[in-house]
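One letter stands for each residue in the lines below.
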Amino acid sequence: MKQRISDLSLFGGRAEFENPVHVGRPTIGDRSRFLERLNWVLDNQRFTNDGPMVRQFEERLAEMAGVRNCVVTANATTAMQIVYQALGLSGGEVIMPSMTYVATAHAARMMGLTPVFCDMDLSNWCMDPAEVENAITSRTVAVVGVHLWGKPCAIDELEKLTSKHGLPLMFDAAHALGCSFQGRRIGGFGTAEVYSFHATKVINSFEGGAIATDDDALAQRVRSLRNFGYDGVEGRVIERVGTNAKMHEVSAAMGINSLEALEDTMRHNQVNHKLFRSELYGVDGLTVVPFDEYANCQYGVVTIDQAASGISRELLTKVLNAENVFPARYFDPACHQLEPYRTENPVVLPNTERLAEQILVLPTGPTVCPQDVRRISAIVRCAVTNGHQVTDRFQHQADQQPVSAQA
Ligand SMILES: Cc1ncc(COP(=O)(O)O)c(C=O)c1O
C-alpha cells in the first residue's frame, strides 16, 4: 500500500490497481437468476406494456419502501416530468437545490416550469429550509427536495413549509433507495418520491425510474401518463395527453434481480463507508462525509480543502487516475452554474459553490472490496497528508517536461 510520495504512480511508482476502479459499477445480483428471468421473458413473449415482470417489480418496490404505490418508468427524469404533469403544473416556479444532478432541473424545465435554486446547509449537506422559505412567492408551484448521495434532506421542515403554503412537495430520491428517515424508508414522504435505477445506482434496471406515492389517484394518473394517456382500467381509451415512459420487461427483470441484492449491497457499502471513515480519519483538509447506519452508502463522498491540505482536488484526481482509480465530481458544476441556468437567471449560492469545488466521490459498491478501500484510502492519505510536497513535486515535474510534451 502507498505510504511515501515516491510510491505514487504519478511520480514513477507502480500503479496500485492493475484494472481501472470506477465509481458507480452496476449491482447485478445473482447472475444466474437474471438469466433465468431473461429466458422467462423471452418465452413469455410479452416484452412491454405493463407486463408481469414490471408488475412484480412494482409490488416488490412498494413493499420494500412501505408505500402504497410504485409506478416504474423508463428513467427518473421522465418520471419527474410526469409527476409535474399529473399535478397539473405547467407554469410557475419550482424551488429546488442547485447541488443535484442537472436532471432535477431539466425535468422541471422540460415541463415549462422555472427552477429556482436554493443554497444548502453545509452542516447537514442538504437544501436549507430557511432558503426555501425565503424563495417562496406567489409564482411558486412546487418544492423539490433532493436526498443528495442518499442523505435524507430536511424532510420534516419541508413538509411543514409546503403544507403551510399549500404546495406539492416532490423528492428526488434518485440516490436514496433503501435509505431510511426516522424509521421509515425513503419513498413514502411528500406528495411523491422519484427513484432512479440508472446503471450506476444502488439498484439498477439498466435504465429506469419509479414514482412512489401513497396518493392512489396520483398513482393512477401517472400510470396513464407513462402510457400515452390510456385509461388505467381497460387501457383502451385515451383520457389525456401522455408520453411513452414505460419500463420494459428485461429492465424490470434486472430491477428485481438487483433489488433482491439490496440488503447485501447496503451491508457491503456500509462496511466500506466505515473503512473510509477510519482509514481517512484525522487527515487535515479532508472530510469523509458521514452517513448513518440506515443509509445505502452507495457513494464514498469526501471533500478536499486545498487551503488546509495544500493539494487541489484536481491534483488529487490526477494522483488517483495514475493509480487506475477514477473518482467522480457529484456535482460540479452545480445546476445554477450550468449554461442554461447560469445565463438565464444568475444567482450566487456560496455554500453550494464551495462544496462544488471540494467534492470528490471515491469508488465503492459491490465490486470494490474492503481491501480495495484500504488501498484507495492509503493513496488519498499519502497524497493529502503530503499535499504541499505533492503539489511542488508535480509542478517541478511539469516544469521539466519539454514544451511539446506539455501540449
Ligand atoms: C439526483 C439525480 N436526479 C435525477 C437523476 C436522473 O435519473 P435518470 O438517469 O434515471 O433519469 C440522477 C441520475 O441519473 C440523479 O443523480
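Note that the coordinates shown come from a computational prediction; the quantities given were computed from them, not determined experimentally.

About the cut-offs
Residues numbered from 1 in each chain as written. Predicted model: local features only at pLDDT ≥ 70, side-chain atom pairs only at ≥ 80, totals over all residues. Heavy atoms only, no water. Axes fitted to C-alpha atoms, helices over the stretch in contact; angles between N-to-C directions. Helix = DSSP H or I, 4+ residues; strand = E, 2+ residues; numbered from the N terminus. Parallel < 35°, antiparallel > 145°, perpendicular 65-115°, else oblique. Left-handed = near helix turned anticlockwise from the far one by under 90°. Contact = heavy atoms within 4.5 Å. Nonpolar A, V, L, I, M, F, W, Y, C, P; charged D, E, K, R; others polar. UniProt positions renumbered as here; feature names shortened; annotations may be inferred. Buried < 20%, exposed > 50% of the residue type's maximum accessible area, 1.4 Å probe, protein only. Polar contact = N/O pair within 3.5 Å; in protein donor to acceptor, adjacent residues only side chain to side chain. Salt bridge = Lys/Arg side-chain N within 4 Å of Asp/Glu carboxyl O. Pairing = 2+ DSSP bridges. Right-handed = clockwise from strand over helix to strand, strands pointing away. Near = heavy atom within 4 Å. Areas by Shrake-Rupley, 256 points an atom, 1.4 Å probe, with all protein chains shown as cover. 1 Å grid on protein atoms, 1.4 Å probe; cavity = no way out; pocket = protein on both sides within 12 Å on 5 of 7 lines; lining within 4 Å. Sits in = over half its atoms within 2 Å of the grid points. Phe/Tyr/Trp six-rings, centres within 6.5 Å; stacked < 30°, edge-to-face > 60°. Lys NZ or Arg CZ within 6 Å of the ring centre and 35° of its normal.

Draft legend 1. Up close: the packing of helix α3 (residues 76-86) against helix α7 (residues 216-226). Between α3 and α7, the least distance of the axes is 9 Å, while the angle of their chain directions is 120 degrees. By the angle between their axes, α3 is oblique relative to α7. The hand of the α3/α7 crossing is right-handed. Touching I82, V83, Q85 and A86 of α3 are L218, R221, V222, L225 and R226, all from α7. Of the residues belonging to the contact of α3 with α7, the class tally is six nonpolar, one polar and two charged.

Draft legend 2. Geometry of unusual backbone geometry. Here the amide bond leading from Y330 into F331 is cis, since omega sits at 15 degrees, within 30 degrees of zero. Summarising the element assignment, F331 is placed in the loop between β15 (325-326) and α12 (339-344). The omega torsion across D332 and P333 is 0 degrees, close enough to zero to call that bond cis. On the secondary structure map, P333 appears in the loop between β15 and α12. The backbone of N49 shows a phi angle near 65 degrees, a positive value even though the residue is not glycine. Here N49 shows up in the loop between α1 (31-44) and α2 (52-65). One non-glycine residue, Q182, adopts positive backbone phi at about 50 degrees. By secondary structure assignment, the location of Q182 is in the loop between β9 (180-181) and β10 (184-185).

Draft legend 3. Quick look at the UniProt feature "active site" (unreviewed entry) in the protein. According to UniProt, the "active site" (unreviewed entry) feature falls on K201. Along the chain, K201 turns up in the loop between β11 (192-196) and β12 (209-213). Those residues in contact with K201, other than ones at most four positions away along the chain, are T27, A174, H175, S196, Q298 and Y299.

Draft legend 4. Summary view of the environment of L275. In this fold, L275 is placed in helix α9 (residues 262-279). Residue L275 is classed as buried on the basis of its relative accessible area, which comes to 12%. Separated by 98 residues in sequence, L275 and V373 place their C-alpha atoms 7.0 Å apart.

Draft legend 5. Up close: α7. Where α7 is concerned, the buried positions are L218, A219, V222, S224, L225 and R226. Where α7 is buried, its residues touch α2, β2 (69-73), α3, β11 and β12. Of the residues that open α7, the one with a side-chain oxygen 3.1 Å from the backbone nitrogen of A217 is D215. Positive backbone phi, approximately 60 degrees, marks F228, located one or two places after α7.

Draft legend 6. Region of interest: the packing of α1 against α2. At a minimum axis separation of 11 Å, α1 and α2 run at an interaxial angle of 135 degrees. With respect to each other, α1 and α2 are oriented oblique. Together, R37, W40, V41 and N44 of α1 and P52, M53, Q56 and R60 of α2 make up the contact between the two elements. When its residues are assigned to classes, the contact of α1 with α2 shows four nonpolar, two polar and two charged.

Draft legend 7. Highlighting the pattern of salt bridges. Per the counting criterion, the structure on display carries 23 salt bridges. A salt bridge links D7 to R4, with the nearest nitrogen and oxygen atoms 3.4 Å apart.

Draft legend 8. The pairing of strand β4 (residues 114-118), seen in detail. By the criterion of burial, β4 is predominantly enclosed, with four of the five residues buried. When strand β3 (residues 93-97) meets β4, the two strands line up parallel, connected through five bridges. Directly across from P97, in β4, lies its bridge partner C118. Handedness of the crossover joining β3 and β4 through helix α4 (residues 102-110) is recorded here as right-handed.

Draft legend 9. The site of the ligand, seen in detail. Near the ligand lie 16 residues; those nearest to it are A76, T77, D172, H175 and S196. With respect to the ligand, the backbone of A76 contributes an N or O atom lying 2.9 Å from an oxygen atom. One of the side-chain nitrogen or oxygen atoms of H175 is found 2.7 Å away from an oxygen atom of the ligand. Protein chains shield 92% of the accessible area of the ligand, which is 380 Å² for the free molecule. Cavity membership is defined here by more than half of the atoms lying within 2 Å of grid points; on that basis the ligand lies in the second largest pocket. For the shell around the ligand, the elements supplying multiple residues, two or more each, are α3 and α4. The element best represented in the shell around the ligand is α3, accounting for three residues.

Draft legend 10. Inspection of the packing of aromatic side chains at higher detail. One pass over the structure, following the stated rule, counts nine aromatic pairs. Judged by centre distance (5.6 Å) and plane angle (80 degrees), the rings of F181 and F189 are edge-to-face. For F181, a relative accessible area of 15% translates into the label buried. Classification of F189 as buried rests on a relative accessible area of 4%. One aromatic cluster is present, formed by Y101, Y299, Y330 and F331 through successive ring pairs. Stacked on the ring of F17, the Lys or Arg R375 has its end atom at 4.2 Å from the ring centre.

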